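Here's the letter readout for the chains.
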Amino acid sequence: MALQGLIIIASAGKKIRKPKPWKHSPQITKSQLMQMRDEFWDTAPHYGGRKGADLTLAQAIVDSAGVIVQSADLTVCYDERGAKYELPKYVLSEPTNLIGDS
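What you are looking at is a predicted structure, and each value in this text was computed from that prediction instead of being measured. In every chain, residue numbers begin from 1 and rise along the written sequence. Totals for whole chains, interfaces and linings use every residue, but because this is a predicted model, local features are given only for residues with pLDDT of at least 70 and side-chain atom pairs only at 80 or more, for both listing and counting. Water and hydrogen atoms were dropped before computing side-chain values, which therefore reflect all heavy atoms in the structure.

Peer 1: Quick question: what am I supposed to make of the overall build of the protein chain here?
Peer 2: Numbering goes from the N terminus for both helices and strands, where a helix is a DSSP run of H or I of at least four residues and a strand is a run of E of at least two. Of regular secondary structure, the protein chain possesses three helices and five strands. When checking whether two residues touch, look at their non-hydrogen atoms; a contact exists if any pair is within 4.5 Å. When contacts within the protein chain are restricted to residue pairs at least 6 apart in sequence, those whose partners lie at least 24 apart make up 61%. The method behind every accessible area is Shrake-Rupley, applied with a 1.4 Å probe, and residues are considered shielded solely by the protein chains displayed. Element-wise, carbon and sulfur atoms account for 54% of the exposed surface of the protein chain, whose accessible area totals about 6600 Å².

Peer 1: Teacher, can you tell me more about unusual backbone geometry here?
Peer 2: Looking along the chain, the bond that leaves S25 and enters P26 is cis, with omega of 0°. By the element assignment, P26 lies in the loop between strand 2 (15-16) and helix 1 (30-43). We note that L74 has phi near 70°; this positive angle belongs to a residue other than glycine. Assessed through its relative accessible area of 10%, L74 is described here as buried. Each residue gets one of three labels from its accessible area relative to the maximum for its type: buried under 20%, exposed over 50%, partly exposed in between, using a 1.4 Å probe on protein chains only.

Peer 1: Would you explain the environment of S25 in this entry?
Peer 2: In this structure, S25 sits in the loop between strand 2 and helix 1. Considered as a pair, S25 and N97 are 72 residues apart in the sequence and their alpha carbons are 8.8 Å apart.

Peer 1: What am I meant to see in the packing of aromatic side chains here?
Peer 2: In this description, a pair of aromatic rings is defined by centroid distance and the angle of the planes. In this analysis, rings of Phe, Tyr and Trp, with Trp reduced to its six-membered ring, are considered paired at centre separations within 6.5 Å, and the interplanar angle assigns stacked below 30 degrees, edge-to-face beyond 60, and tilted for intermediate values. Throughout the structure, instances matching the rule amount to one aromatic pair. Their ring planes at 80° and their centres at 4.9 Å tell us that F40 and W41 sit as a pair that is edge-to-face. With a relative accessible area of 18%, W41 lands in the buried category.

Any functional reading would require information that these geometric values do not contain.
Structure (structure tokens):
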């Protein structure tokens, strides 16, 4: 799920934003990007994550769970116990060099 144009105010007052524009190397198609996201979220539950978490849930987690946002783009966060969560940029936004499907 991409966080297009999302701004959330974290409990510590830190504004959360989508990642800065980035390029994937090598270039990938929209279908490949969706496959990568599916694979990420399919494995996330094994590490305490949840597939299909929506923005309302993300807001609730940030506001109430003591989430420490290290990177404003949500790529690195910690919970109140110190567990580190890393989200790859491809989960949060699309690369600028995305190519169309054939």
